[in-house]
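Given next are the chains, with one letter for each unit.
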Amino acid sequence: MAARVLGRAGRLAAVVRSSALQLRLHGSAGLRFGSQASFFPPLGDAMLPSGSFNNHVALITGGGTGLGRAMTATLSQLGAQCIIASRKLDILQRTAEEISSQTGNKVHAVQCDVRDPQAVSQCVDQMEALTGLPDVIINNAAGNFVCPSERLSPNAWKTITDIVLNGTAFVTLELGKRLIQNQKGASFLAITTIYAESGSGFVVPSASAKAGVEALYKSLAAEWGRYGHRFNIIQPGPIRTKGAFSRLDPTGAFEKATIDRIPTGRLGTPAEIANLAAYVSSNYASWMSGAVIRFDGGEYVSLAGEFNELRSVTPDQWKILEVMIRNTKGS
Ligand SMILES: CC/C=C\C/C=C\C/C=C\C/C=C\C=C\C(=O)SCCNC(=O)CCNC(=O)[C@H](O)C(C)(C)COP(=O)(O)OP(=O)(O)OC[C@H]1O[C@@H](n2cnc3c(N)ncnc32)[C@H](O)[C@@H]1OP(=O)(O)O
Ligand SMILES: NC(=O)C1=CN([C@@H]2O[C@H](COP(=O)(O)OP(=O)(O)OC[C@H]3O[C@@H](n4cnc5c(N)ncnc54)[C@H](OP(=O)(O)O)[C@@H]3O)[C@@H](O)[C@H]2O)C=CC1
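No experiment lies behind these values; they were computed from the predicted model shown.

Caption draft 1: Highlighting helix α3 (residues 89-103). Across its 15 residues, α3 extends 21 Å between first and last C-alpha, which sits within 8% of the 21 Å expected from 1.5 Å per residue. Of the positions making up α3, those classed as buried are Leu92, Thr95, Ala96, Ile99 and Ser100. The buried residues of α3 occupy one face: seen down the axis, they fall within an arc of 125°. Residues of α3 that are exposed and point over 90 degrees away from its buried face: Glu97, Ser101 and Gln102.

If you want it as structure tokens, here you go:
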């Protein structure tokens, strides 16, 4: 009997040793479970009731492309009159016409480089003439590229921080002052990123500027509630847009690794963030201010936990690891 038990233990120990070696040699390659993305299908329809933004005016910076365009389309579909502002008037006009023709609600295109406070002031003048002051302001315009920090010129640093931090501040302060003067409440939303919180190498100007935007919005949430202003932040994870992916993963080499570390097994979609932005900007969220909403399919926590790589250990390997751990005596 004892010999039989010892024999089994010996065989098990041999399996443990060989499997542990396999694990060390090959990691978990080929041992992944099937894609979990099918559990988390993205829905594309507007989530809020139709007419939720009737009689509302919304300004979306960078609204001609990518996520800004998707937010504009959703707000417009829900009844808002939108103003989209960025540098490239032709792109803005094309987007405005396409969205207007689909929703039946007016979308205005206004050229504005948010780095220039005078241009921002003129953009707001133009907006006041077209629609009056806005109820919803979405600071979405941004610039970014991956680059080792030792290769950054002073102008590269200035370009990104000017668009992201100064641009957001110029738009927010210009509109905030005029809204306060007119005793009009508004919802301000800033689009940042998950690494605004953690920091990240290779996108250091963007990380620094987005962290600044978060500090700006949290501070104003505290200060300007008394004027009827709400300030919130959405931190998106990766969502395919030409603007982002062409500058952050120009060869496409990192996309699979990015998806593999997202617990929901896929990238986000523009329509999903547009629904969240619409909710946060709507009167349904009138008690929400100073919020930082991470919207990343779980990527941030997945990157943060040092044992999360153990997801790729199979049930059979777990049996072996458990035996090894239980058989450890002493320290
Ligand atoms: C590992 C990850 C893998 C996969 C995931 C992929 C993606 C998504 C995941 C997460 C995303 C998270 C956050 C995303 C944040 C974003 O903001 S994405 C949005 C990006 N969109 C844009 O950037 C659109 C607007 N951008 C632009 O117009 C330009 O790119 C701009 C450079 C920002 C500004 O253009 P502008 O014409 O004003 O500036 P330039 O004159 O061209 O350049 C100014 C100075 O910067 C230097 N520069 C420019 N490019 C580079 C570069 N690639 N590397 C180094 N330096 C650069 C340029 O030389 C100028 O400096 P100077 O020469 O000293 O004068
Ligand atoms: N896509 C993603 O995975 C993620 C995106 N984000 C954030 O989402 C937002 C939208 O990004 P995304 O849609 O992906 O990328 P895009 O490149 O499509 O959007 C950036 C927009 O900013 C505008 N813009 C850039 N510089 C200026 C400027 N100086 N003045 C005015 N407008 C300017 C651009 O228009 P124009 O060229 O006409 O000026 C463009 O429409 C950004 O804040 C980005 O940081 C955050 C995390 C992940």
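Caption draft 2: Quick look at the site of ligand 1. Contacts to ligand 1 come from 23 residues, most closely from Arg87, Asn144, Ser153, Asn155 and Arg247. The contact in question runs from an oxygen atom of ligand 1 to an N or O atom on the side chain of Arg115, over 3.0 Å. Arg247 has a polar side-chain atom sitting 2.7 Å from an oxygen atom of ligand 1. Considering ligand 1 on its own, with 1300 Å² of exposed area, one finds that the protein chains cover 64% of that surface. Elements with a minimum of two residues in the shell around ligand 1: α5 (154-181) and α8 (242-248). If you tally residues by element for the shell around ligand 1, the top one is α8, at five residues. Within the shell around ligand 1, the residues separate by chemical class into 11 nonpolar, eight polar and four charged.

Rules used in this analysis
Residues numbered from 1 in each chain as written. Chains lettered and ligands numbered in written order. Predicted model: local features only at pLDDT ≥ 70, side-chain atom pairs only at ≥ 80, totals over all residues. Heavy atoms only, no water. Helix = DSSP H or I, 4+ residues; strand = E, 2+ residues; numbered from the N terminus. Expected span 1.5 Å × (residues − 1). Buried < 20%, exposed > 50% of the residue type's maximum accessible area, 1.4 Å probe, protein only. Arc of directions from axis to C-beta. Near = heavy atom within 4 Å. Polar contact = N/O pair within 3.5 Å; in protein donor to acceptor, adjacent residues only side chain to side chain. Areas by Shrake-Rupley, 256 points an atom, 1.4 Å probe, with all protein chains shown as cover. Nonpolar A, V, L, I, M, F, W, Y, C, P; charged D, E, K, R; others polar.

Without other data, these values stay purely geometric and don't point to any function.
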